[in-house]
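Okay, here's what each chain looks like letter by letter:
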Amino acid sequence: MRYTINRITDGEDELILNYQELNAEVEEALFFMEKRIKKLMGKKNGETVIFSPQDILYVEKVDNRTFAYTVDNEIQLDMSLYSVERMLGASNYFRCSKSMILNVNKVERLKSMSSNRIDATLTNGEHIIISRTYASDFRKLLKGEKS
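Throughout what follows, the structure given in this document is the object of discussion. Since the structure is predicted, the reported quantities are computational estimates derived from the model, not experimental observations.

Once that is clear, we can look at the nonpolar core. Grouped together as the largest cluster of nonpolar side chains are 17 residues, with contacts concentrated most on Tyr 58, Phe 94, Cys 96, Leu 102, Ile 128, Ile 130 and Phe 138. Residue assignment for this core shows that the elements contributing at least two residues are strand 4 (65–69), strand 6 (93–97), strand 7 (100–103), strand 9 (118–122), strand 10 (127–130) and helix 3 (132–143). Dropping the residues within four chain positions of it, Tyr 58 is found in contact with Phe 67, Ala 68, Tyr 69, Met 100, Ile 101, Leu 102, Leu 122, Glu 126 and Ile 128. Listed in part, the 14 residues of the second largest apolar core include Val 49, Ile 56, Tyr 93 and Ile 101.

Here you go:
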């Protein structure tokens, strides 16, 4: 991959990535660029809403649309669940089912359920079920172990 770096004297800093095919090297560059995002944007009632990733309780894919849920908002995001997962990173956010990402910092209580599932109660009182496929990795995350 070829790199071009230009120093500018005025205007806004800008990163541009041109690629022909999405490969591991390009994905790594995209991951770096996406990690720089401090705010998220989405739509609610036809208006653009700007919010911090830390405000997210969970992100869910419903009917091929991605929604971020905060304490007071349900915000539709214009990105895939996979893209949200990559952008948020693995330290505070956890894929708890095929269609949901959970903010681990917003979990208040846990309860073991049958079939090796976990009922996670969030700070707003809402219950999220961590599927058995992801439950073992969630327990390891809470213990600080690698999955």
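For Asp 119, the location among the structural elements is in strand 9. Nearest to the buried, unbridged Asp 119 among oppositely charged side chains is Lys 111, at 5.9 Å. A polar contact is formed between the side chain of Asp 119 and the side chain of His 127, at a distance of 2.9 Å. Excluding residues that lie within four positions of it along the chain, Asp 119 makes contacts with Arg 109, Leu 110, Lys 111, Met 113, His 127, Ile 128 and Ile 129.

If you trace the backbone, Asn 23 turns up in the segment before helix 1 (24–35). Once the C-alpha coordinates of Asn 23 and Ala 68 are considered, the two residues, 45 residues apart in sequence, prove to be 28 Å apart.

Applying the stated criterion across every chain, the model contains three aromatic pairs. Note on Phe 67 and Tyr 69: the rings are 6.4 Å apart at their centroids and 40° apart in plane angle, and the pair reads as tilted. For the pair shown, Phe 67 and Tyr 69 are each scored as buried. Taken together, Tyr 58, Phe 67 and Tyr 69 form an aromatic cluster joined through their ring pairs.

Conventions adopted
Residues numbered from 1 in each chain as written. Predicted model: local features only at pLDDT ≥ 70, side-chain atom pairs only at ≥ 80, totals over all residues. Heavy atoms only, no water. Core = buried A, V, L, I, M, F, W, Y, C linked by side-chain atoms within 4.5 Å. Buried < 20%, exposed > 50% of the residue type's maximum accessible area, 1.4 Å probe, protein only. Helix = DSSP H or I, 4+ residues; strand = E, 2+ residues; numbered from the N terminus. Contact = heavy atoms within 4.5 Å. Lys, Arg positive; Asp, Glu negative; His and termini not counted. Salt bridge = Lys/Arg side-chain N within 4 Å of Asp/Glu carboxyl O. Polar contact = N/O pair within 3.5 Å; in protein donor to acceptor, adjacent residues only side chain to side chain. Phe/Tyr/Trp six-rings, centres within 6.5 Å; stacked < 30°, edge-to-face > 60°.

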